[in-house]
Amino acid sequence: MPELPEVEAARRAIEENCLGKKIKRVIIADDTKVIDGISPSDFQNSILGKTIVSARRKGKNLWLELDSPPFPSFQFGMAGAIYIKGVAVTKYKRSAVKDSEEWPSKYSKFFVELDDGLELSFTDKRRFAKVRLLANPTSVRPISELGPDALLEPMTVEEFAESFAKKKITIKPLLLDQGFISGIGNWIADEVLYQARIHPLQTASSLSKEQCEALHTSIKEVIQHAVQVSADSKEFPVEWLFHFRWGKKPGKVNGKKIDFITAGGRTTAYVPELQKLSGKDAEKAAKVRPGKRCVKSKEDEQESEKEDESAKPKKGQKPRGVRGKKPAPKKKTEDSDEEDDDADADGGDDSEAEEKIVKTRGRGTKPALKRKPEEKPTSQVGKKPKGRKS
């Protein structure tokens, strides 16, 4: 999903191509799930004829300042994306609209044509973004509740360490807390912790001064580099964890094994050999009986096109007729998982429920649950969870 570098790339593209231009045509989607709190006609009438003065961003939120309020504001959600016709804007995961598709895209929620003919569109395939029209975006939620922007308002090392000293929660969920620092999402959190050699489940208040300094440096360097290359992952350094974290099975980065755990409800990639728990956290972990390695939640599996593709072969052993029946239920789980993502929650609840139903059927107990799957073809329901566990 889009994080600070992707949203900043969109902001810069608007700043470079759209400032000082008047809006001469507007199309707002009739989609109350995305267009929040205003009718399409009122939205259109409020910005038609206005001039774009600047593009602003905080965290993962972007808004356009016009020559007078109100201003369009965009919360990108799982797959929000800015497109400017004829201008290269980073196509991040699962948001890309193909050049061969209609323009504006059928996924467009906000479209404007400027007085020089340039056209801009905000698209959202997954419908978990929010587009609002606000008199002062910084004074209302969600922007008013954000912590300092990780790029524009970086803490000093001293402020960083002092803030951690007061936090009794583990470090990964703290980095994902937009009220603490805004703009850091799942892949950035994993990357900066890997580079700082800090375990994702280390308690924030237990970090040493050296660890705080290392983490402060890695946040600065990762975000600055990602922004510098307009969030184009092909330009990320080859030694970054980013390039090796998307597989369903543990891989290796720089010769070291990657493993997956759950931290803050999110699937988390880390390198056990380099990122070790210390102090009381290590003692506590030693007393706990090791559980199963984390199985990626569906929401995190959907984070890359590679994973979307690799999900299909798992079911390839089934007859073609069964495979053809899968798209409808898959879409349901994607929607529910993405909704969970906005709350930084794990999206695996649906799969767990399915697994319980299947197990119950296999044992021949609990008739009420046994009857549920019979509404669908038995071969389709009975084998889907097994594919997830492999």
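For the structure, see preceding data.
This section reports on the structure supplied with the text. (Residues numbered from 1 in each chain as written. Predicted model: local features only at pLDDT ≥ 70, side-chain atom pairs only at ≥ 80, totals over all residues. Heavy atoms only, no water.)

1. With respect to the sheet that holds strand 5 (residues 80-84)
Line of reasoning, step 1. Strand order in the open sheet made by the four strands is 1-6-7-5, with antiparallel pairing throughout. Each edge of the open sheet is held by one strand with a lone partner, namely strand 1 (23-28) and strand 5. Pairwise comparison of adjacent strand axes, ignoring direction, gives a mean angle of 10° for this sheet.
Line of reasoning, step 2. The sheet contact formed by strand 5 and strand 7 (residues 119-124) spans five bridges and is antiparallel. Bridge assignment links G80 to a residue of strand 7, and that residue is D124.
Line of reasoning, step 3. This element, helix 1 (residues 4-17), spans strand 5 and strand 7 of the sheet and lies at about 25° to strand 5.
Line of reasoning, step 4. Packed on one face of the sheet, helix 2 (residues 40-47) meets strand 1 and strand 6 (108-114) and runs near 165° to strand 1. (Pairing = 2+ DSSP bridges. Helix = DSSP H or I, 4+ residues; strand = E, 2+ residues; numbered from the N terminus. Axes fitted to C-alpha atoms, helices over the stretch in contact; angles between N-to-C directions. Contact = heavy atoms within 4.5 Å.)

2. Structural notes on helix 1
Line of reasoning, step 1. The end-to-end C-alpha separation of helix 1 is 20 Å, in line with the 20 Å expected for 14 residues at 1.5 Å each.
Line of reasoning, step 2. Where burial is concerned, most of helix 1 is hidden: ten out of the 14 residues are buried.
Line of reasoning, step 3. For helix 1, every residue scored as buried is listed here: L4, P5, E6, V7, E8, A9, A10, R11, A13 and I14. (Expected span 1.5 Å × (residues − 1). Buried < 20%, exposed > 50% of the residue type's maximum accessible area, 1.4 Å probe, protein only.)

3. Some words on the packing of helix 5 (residues 186-196) against helix 6 (residues 209-228)
Line of reasoning, step 1. Running from N to C, helix 5 and helix 6 cross one another at 130°; their axes reach a closest spacing of 8 Å. Considering their axes alone, helix 5 and helix 6 lie oblique with respect to each other. For the pair helix 5 and helix 6, the crossing hand works out as right-handed. For the pair formed by helix 5 and helix 6, the contact residues are W187, I188, E191, V192, L193, Q195 and A196 on the first element and A214, L215, S218, I219, V222, I223 and A226 on the second.
Line of reasoning, step 2. Partitioned by chemical class, the residues of the contact of helix 5 with helix 6 number eleven nonpolar, two polar and one charged. (Parallel < 35°, antiparallel > 145°, perpendicular 65-115°, else oblique. Left-handed = near helix turned anticlockwise from the far one by under 90°. Nonpolar A, V, L, I, M, F, W, Y, C, P; charged D, E, K, R; others polar.)

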